[in-house]
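Examination of the molecular architecture
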Amino acid sequence: MKNRVYNLKYKAKGNIINEKEVNIKTGLPRYDTATNVSLLLFYVFALQCMSTLAVVRKETGHWKFAFMQFFVFTLIAYVFAFAAYQIIK
């Protein structure tokens, strides 16, 4: 059984769990609630579709609006994720 995808040798509170989900040193989950919520909010607001930038460039004829859209949405996503992390933490 050397070719296992998951190594289930660690136990936490009687349940077998994946070692990638737990910090080995502390025994706590690797990602807490604040991290989960902040990542979720970042992915909600961040502009992830690069084809959208190509369409904006094609429709406007300039890269300026496409880059501006990319940076503004990334900034908004970062601000919301940072705020949520700080509030929950």
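Anything mentioned here points back to the structure above.
Report follows, based on the coordinates. Remember, it's a predicted structure, so these values are computed and weren't measured experimentally.

Here's the deal with the overall build of the chain
A count of helical and extended segments in the chain gives three helices and two strands. Each helix (α) and strand (β) of the chain, taken in turn from the N terminus, gives the series β-β-α-α-α. In the chain, which comprises 89 residues, the share counted as buried stands at 16%. Of the contacts formed within the chain by residues at least 6 apart in sequence, a portion of 39% connects residues at least 24 apart. When the accessible area of the chain is evaluated, it comes to approximately 7,500 Å², of which 65% is carbon and sulfur surface.

Section: the packing of aromatic side chains
Throughout the structure, instances matching the rule amount to five aromatic pairs. Aromatic side chains Phe45 and Phe80 sit 4.6 Å apart centroid to centroid with 25 degrees between the ring planes, which places their arrangement in the stacked category. Of the two residues, Phe45 is situated in helix 1 (residues 33-45) and Phe80 in helix 3 (residues 63-88); the sequence distance between them amounts to 35 residues. Judged by centre distance (6.2 Å) and plane angle (15 degrees), the ring pair of Tyr78 and Phe82 falls under stacked. Of the two residues, Tyr78 and Phe82 both sit in helix 3, four residues apart, roughly one turn of that helix.

What counts and how
- Residues numbered from 1 in each chain as written.
- Predicted model: local features only at pLDDT ≥ 70, side-chain atom pairs only at ≥ 80, totals over all residues.
- Heavy atoms only, no water.
- Helix = DSSP H or I, 4+ residues; strand = E, 2+ residues; numbered from the N terminus.
- Buried < 20%, exposed > 50% of the residue type's maximum accessible area, 1.4 Å probe, protein only.
- Contact = heavy atoms within 4.5 Å.
- Areas by Shrake-Rupley, 256 points an atom, 1.4 Å probe, with all protein chains shown as cover.
- Phe/Tyr/Trp six-rings, centres within 6.5 Å; stacked < 30°, edge-to-face > 60°.

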